[in-house]
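Letter by letter, the chains look like this.
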Amino acid sequence: MKTRITELLGTAYPLIQGGMAWVAECHLAAAVSEAGGFGIIGAGAAPAQFVREQIRKCREMTDKPFGVNIMLMNPEAETIARVVSEEGVRAVTTGAGNPGRYMADWKAAGVKVIPVVASVAMARMMERAGADSVVAEGMESGGHIGSSTTMALVPQVVDAVDIPVIAAGGIGDGRGFAAAFMLGAEGVQMGTRFVVAKESIAHDAYKKKIIAAKDIDSQVTGMSHGHPVRQLRNQMTREYLKLEKEGASFEELEQLTVGALRRAVMEGDTVNGTLMAGQIAGLVDREQTCREIIGEVMERAESLLQGRRD
Ligand code: TUI
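Description of the structure in this document. These numbers were taken from a predicted model, which means no experiment stands behind them.

So, the overall build of the protein
- Scanning the protein from N- to C-terminus turns up 14 helices and eleven strands.
- Here the C-alpha radius of gyration of the protein, 18 Å, is about what a compact globule of 310 residues would show, namely 19 Å.
- Taken along its principal axes, the extent of the C-alpha atoms in the protein is 50 × 45 × 40 Å.
- Here the protein holds 310 residues, and 54% of them are scored as buried.
- Sequence separation of at least 24 residues holds for 60% of the intrachain contacts in the protein that already meet a minimum separation of 6.
- Surface summary for the protein: the accessible area is close to 13,300 Å², and the carbon and sulfur share equals 51%.
- Here the protein contributes 33 positive and 38 negative side-chain charges, whose respective centroids are spaced 2 Å apart.

Things to note about the packing of helix 6 (residues 120-128) against helix 7 (residues 150-160)
- In the contact formed by helix 6 and helix 7, the axes pass within 9 Å of each other and the chain directions differ by 35°. Relative to helix 7, the crossing made by helix 6 is right-handed. Of the residues in helix 7, those in contact with Val120, Ala123, Arg124 and Glu127 of helix 6 are Leu153, Gln156, Val157 and Ala160.
- Of the residues that constitute the contact of helix 6 with helix 7, the class distribution is five nonpolar, one polar and two charged.

Section: the environment of Val84
- Looking at the secondary structure, you find Val84 in helix 4 (residues 77-87).
- When the C-alpha positions of Val84 and Val23 are compared, they lie 19 Å apart, and in sequence the two are 61 residues distant.
- Apart from residues lying up to four places away in sequence, Val84 is in contact with Val68, Ile70, Val89, Val92, Trp106 and Val111.

Overview of the site of the ligand
- Every one of the 13 residues lining the ligand counts as a neighbour, but Ala96, Val116, Glu137, Gly143 and His144 are closest to it.
- Here a nitrogen atom of the ligand and a backbone polar atom of Ala96 are 3.0 Å apart.
- Isolated, the ligand exposes 720 Å² of accessible area, and the fraction of that covered by the protein chains is 68%.
- Tallied by class, the residues present in the shell around the ligand amount to seven nonpolar, five polar and one charged.

Side note on a nonpolar patch on the surface
- On the surface, Trp22, Ile201 and Met266 cluster together into a nonpolar patch covering about 270 Å² of accessible area.
- Among the structural elements, Met266 can be located in helix 13 (residues 260-267).
- Judged by relative accessible area, Met266 falls into the partly exposed class, the value being 40%.

Looking at the sheet that holds strand 5 (residues 112-117)
- Within the open sheet, the eight strands sit side by side as 1-9-8-6-5-4-3-2. Their pairing is parallel. Edge positions in the sheet fall to strand 1 (15-17) and strand 2 (39-42), since each of these pairs with one other strand and no more. In this sheet, neighbouring strand axes are inclined to one another by 25° on average, regardless of whether the strands run parallel or antiparallel.
- Helix-sheet contacts for helix 4 involve strand 3 (66-71) and strand 4 (91-95), and the interaxial angle to strand 3 is about 165°.

Here's the deal with the pairing of strand 6 (residues 134-137)
- Here strand 6 shows two buried faces, one formed by Val134 and Ala136 and the other by Val135 and Glu137.
- Inspection of the sheet shows strand 5 paired to strand 6 by two bridges, in the parallel sense. Paired with Val116 across the strands is Val135, a residue of strand 6.
- Taken together, strand 5, helix 6 and strand 6 form a β-α-β motif whose crossover is right-handed.

Concerning helix 3 (residues 48-61)
- Look at helix 3: 20 Å from first C-alpha to last across 14 residues, which is about the 20 Å you get at 1.5 Å a residue.
- Taken together, the buried positions of helix 3 are Ala48, Val51, Arg52, Gln54, Ile55 and Cys58. Seen from one end, helix 3 has its buried residues packed into an arc of 160°, which puts them on one side.
- Residues of helix 3 that are buried in the fold lie against helix 2 (26-34), strand 2, strand 3 and helix 4.

Observations regarding the environment of Leu232
- Tracing the chain through its elements places Leu232 in strand 11 (residues 229-232).
- Residues Leu232 and Leu275 lie 43 residues apart in sequence; the distance between their C-alpha atoms is 5.4 Å.
- In this structure Leu232 touches Lys209, Ile210, Ala213, Asp217, Ser218, Thr237, Leu275, Ala277 and Ala281, once residues within four positions along its chain are discounted.

Quick notes on the nonpolar core
- Grouped together as the largest cluster of nonpolar side chains are 78 residues, with contacts concentrated most on Ile70, Trp106, Phe194 and Ile210.
- When residues no more than four places from it in sequence are discounted, the contact partners of Phe194 are Ile16, Gln17, Met20, Leu28, Val32, Ser200, Cys290, Ile293 and Ile294.
- Leu8, Ile40, Val135 and Ala168 belong to the second-largest nonpolar core, a separate cluster that totals twelve residues.

Thresholds, definitions, all that
Residues numbered from 1 in each chain as written. Predicted model: local features only at pLDDT ≥ 70, side-chain atom pairs only at ≥ 80, totals over all residues. Heavy atoms only, no water. Helix = DSSP H or I, 4+ residues; strand = E, 2+ residues; numbered from the N terminus. Rg over C-alpha atoms; globule rule 2.2 N^0.38 Å. Buried < 20%, exposed > 50% of the residue type's maximum accessible area, 1.4 Å probe, protein only. Contact = heavy atoms within 4.5 Å. Areas by Shrake-Rupley, 256 points an atom, 1.4 Å probe, with all protein chains shown as cover. Lys, Arg positive; Asp, Glu negative; His and termini not counted. Charge placed at Lys NZ, Arg CZ, Asp CG, Glu CD. Axes fitted to C-alpha atoms, helices over the stretch in contact; angles between N-to-C directions. Left-handed = near helix turned anticlockwise from the far one by under 90°. Nonpolar A, V, L, I, M, F, W, Y, C, P; charged D, E, K, R; others polar. Near = heavy atom within 4 Å. Polar contact = N/O pair within 3.5 Å; in protein donor to acceptor, adjacent residues only side chain to side chain. Patch = residues over 30% accessible without salt bridge, like charges linked within 9 Å, V, L, I, M, F, W, Y side chains within 5 Å. Salt bridge = Lys/Arg side-chain N within 4 Å of Asp/Glu carboxyl O. Pairing = 2+ DSSP bridges. Right-handed = clockwise from strand over helix to strand, strands pointing away. Expected span 1.5 Å × (residues − 1). Arc of directions from axis to C-beta. Core = buried A, V, L, I, M, F, W, Y, C linked by side-chain atoms within 4.5 Å.

This is the structure we're talking about:
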């Protein structure tokens, strides 16, 4: 399937993997790229040197293009931005902030720039600043989210900008992929389904929680202090939401979540860890290789988009 996104990224399919902190390391990124999608190393809260090593390892595992996601709240974001240019990765995606100050350097280094946005205003601003594409991410996503749904956000962003739009949030199979294209998207980003990929290093207990999840099993914490995060309900979210309701301070709440994503992903702490996952978790019912996931999604999507019902 050819779109402006496959051209931009040099991939067979316009399907990109979310830059999930801790989960999206070189093995997952390389497997997605090898299968014809666009794999992404998620820098998350990692130090810059670790990101550089991940890029080099990924390059040893695949000669296909891949990218890096920079979570802009990372204190080392500026150094990581430079690493991305120095290492010459194909594309960078950004999350949880405005990457405007890094844009000129990335463009000069030939790195394609794809900010993740949660609003039309941010999409417009990013286009003006020189972005090559944007990911329009709805609040069905796991992790840090905005407030619009994918269904409402994507067509409004598509109408507001001329650059190609990648849809994200609540997409986990070929039907969601095709629906996003009907809204005008030219690419799709999936996260939750790739957490459960065979090549994903996420702890088995975390994968099992996603596989067991039902449609209503995710909750949003942190709404009161402006940092909403979607994750699967567990003892931690119950305690967090109780404290939040009682008017706990940002610092007090933060105490609960320090290191909690690492505990979930690396140690399989499903009780007090942060099990970030999107609303689509209820649709994910088994572990598959990235090649199987991408093959299944693309086959169904192409069939639907050609007007077939199967
Ligand atoms: O960034 C994400 N999702 C994330 S980042 C993350 S790391 C984390 N770990 C622990 C606790 C909290 C976060 C987990 N999930 N998605 C992309 C995204 N970006 N969603 C929404 C936004 C966004 C929000 C505001 C983008 C720009 C923006 O603009 C604000 C500004 O500075 O103008």
